[in-house]
Amino acid sequence: QWQLVESGGGLVQAGGSLRLSCAASRMIFSGYTMGWFRQAPGKEREFVSAITYGGGNTDYADTVKGRFTSSRDNAKSTVYLQMNNLKPEDTAVYYCAADRWNSGSRSRNSYQYWGQGTQVSVSS
């Protein structure tokens, strides 16, 4: 049985920080690239970050580069997204996703498993 469960969302003022967590069942964590995506109201789901298994290579969307950091704890089957200097335009539902081919892709079509999402709201 596979499962991805996000947590850590909430309401924060601009300039603040949040740390999202995504706990995965072991069967969809080991060997998988773990991605973060977000979807704001009325917009398409967009890539935020990806971290590969093994080397832990990371990739970030230009809009979050330098502010967000993705990391993973393979022993805990958990991936994190540290979000600093948050802006109102970061407001969205954030989704964790897993890619069995470990491609490090930015395309949502490359991810086979998705969590239910966690809301992040940033006030100005």
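To be clear, the structure that these remarks concern was listed above.
Quick look at the structure, then. This is a predicted model, so every value here is computed, not measured.

Basis of the calculations
- Residues numbered from 1 in each chain as written.
- Predicted model: local features only at pLDDT ≥ 70, side-chain atom pairs only at ≥ 80, totals over all residues.
- Heavy atoms only, no water.
- Disulfide = S-S within 2.5 Å.
- Helix = DSSP H or I, 4+ residues; strand = E, 2+ residues; numbered from the N terminus.
- Buried < 20%, exposed > 50% of the residue type's maximum accessible area, 1.4 Å probe, protein only.
- 1 Å grid on protein atoms, 1.4 Å probe; cavity = no way out; pocket = protein on both sides within 12 Å on 5 of 7 lines; lining within 4 Å.
- Points joined across faces, edges and corners; volume = space filled by probe spheres on them.
- Nonpolar A, V, L, I, M, F, W, Y, C, P; charged D, E, K, R; others polar.
- Contact = heavy atoms within 4.5 Å.
- Salt bridge = Lys/Arg side-chain N within 4 Å of Asp/Glu carboxyl O.

### Some details on the state of the cysteines
Going through the model one piece at a time under the given rule, you end up with one disulfide. In this model cysteine 22 forms its disulfide with cysteine 96; the gap between the sulfur atoms is 2.1 Å. Between cysteine 22 and cysteine 96 the disulfide shows an S-S torsion of about -75°. By sign, it is left-handed. With cysteine 22 in strand β3 (residues 18-24) and cysteine 96 in strand β9 (residues 92-99), the pair connects residues that are 74 residues apart, well separated along the chain. Like cysteine 22, the residue cysteine 96 is buried in the burial classification.

### Some points on the layout of surface pockets
If you add up the space inside the largest pocket, you get close to 200 Å³. Residue lining of the largest pocket: 13 residues in total, with Arg38, Ala40, Lys43, Glu46 and Glu89 positioned closest to the centre. Taken together, the residues of the lining of the largest pocket break down into two nonpolar, three polar and eight charged.

### Some remarks on the environment of serine 124
On the secondary structure map, serine 124 appears in the segment after β11 (118-123). On the accessibility criterion, serine 124 (88% relative accessible area) is exposed. For serine 124 and leucine 86, which are 38 residues apart along the polypeptide, the C-alpha to C-alpha distance reads 9.8 Å. Look past the residues within four positions of serine 124 in its chain and what remains in contact with it is Ala14 and Pro88.

### Considerations on the pattern of salt bridges
Using the criterion set out here, one finds six salt bridges in the structure. The residue aspartate 59 makes a salt bridge to arginine 106 at a minimum N-O spacing of 2.6 Å. Of this pair, aspartate 59 sits in strand β6 (residues 58-60) while arginine 106 sits in the loop between β9 and β10 (113-114), placing them 47 residues apart in sequence. We classify aspartate 59 as partly exposed; its relative accessible area is 23%. Since its relative accessible area comes to 40%, arginine 106 is described here as partly exposed. Residue aspartate 90 is joined to arginine 67 by a salt bridge in which the shortest nitrogen-to-oxygen separation is 2.8 Å. Of this pair, aspartate 90 sits in the loop between β8 (78-83) and β9 while arginine 67 sits in the loop between β6 and β7 (68-73), and the two are 23 residues apart along the sequence. For aspartate 90, a relative accessible area of 1% gives the class buried. The network of salt bridges with shared partners includes Arg38, Glu46, Arg67 and Asp90.

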